[in-house]
Amino acid sequence: MPDNNVNEEPQPDPAGSTTMFRRFVADNNEPEVAPKRPVTPYVLAAVGALVAIGLIVAVVVMWS
């Protein structure tokens, strides 16, 4: 059985030059996006403040 790959030339890289792509990825100096701060603590703080104000108002109205 003959070996078909012995006389064939190496196939070119179908995606272009892998070395050039790796160099591009290594040299890509784009800054990373800062992680987004969660909104949940602010929402909980606002709800807590509203509940506290509501309780104070309810106590003042009951004792007046």
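The rules we used
- Residues numbered from 1 in each chain as written.
- Predicted model: local features only at pLDDT ≥ 70, side-chain atom pairs only at ≥ 80, totals over all residues.
- Heavy atoms only, no water.
- Helix = DSSP H or I, 4+ residues; strand = E, 2+ residues; numbered from the N terminus.
- Buried < 20%, exposed > 50% of the residue type's maximum accessible area, 1.4 Å probe, protein only.
- Areas by Shrake-Rupley, 256 points an atom, 1.4 Å probe, with all protein chains shown as cover.
- Patch = residues over 30% accessible without salt bridge, like charges linked within 9 Å, V, L, I, M, F, W, Y side chains within 5 Å.
- Salt bridge = Lys/Arg side-chain N within 4 Å of Asp/Glu carboxyl O.

Considerations on the overall build of the protein
- When helices and strands are tallied, the protein shows 2 helices and 0 strands.
- Every one of the 64 residues in the protein was classed for burial, and the buried ones make up 0%.
- Entry remark: accessible area of the protein is about 6700 Å², with carbon and sulfur atoms responsible for 66%.

With respect to a nonpolar patch on the surface
- A cluster of nonpolar side chains, namely Val 39, Tyr 42, Val 43, Val 47, Val 51 and Leu 55, defines an oily patch on the protein surface of about 570 Å² accessible area.
- Along the chain, Val 39 turns up in the loop between helix H1 (18-27) and helix H2 (40-63).
- By relative accessible area, which is 53% here, Val 39 ends up exposed.

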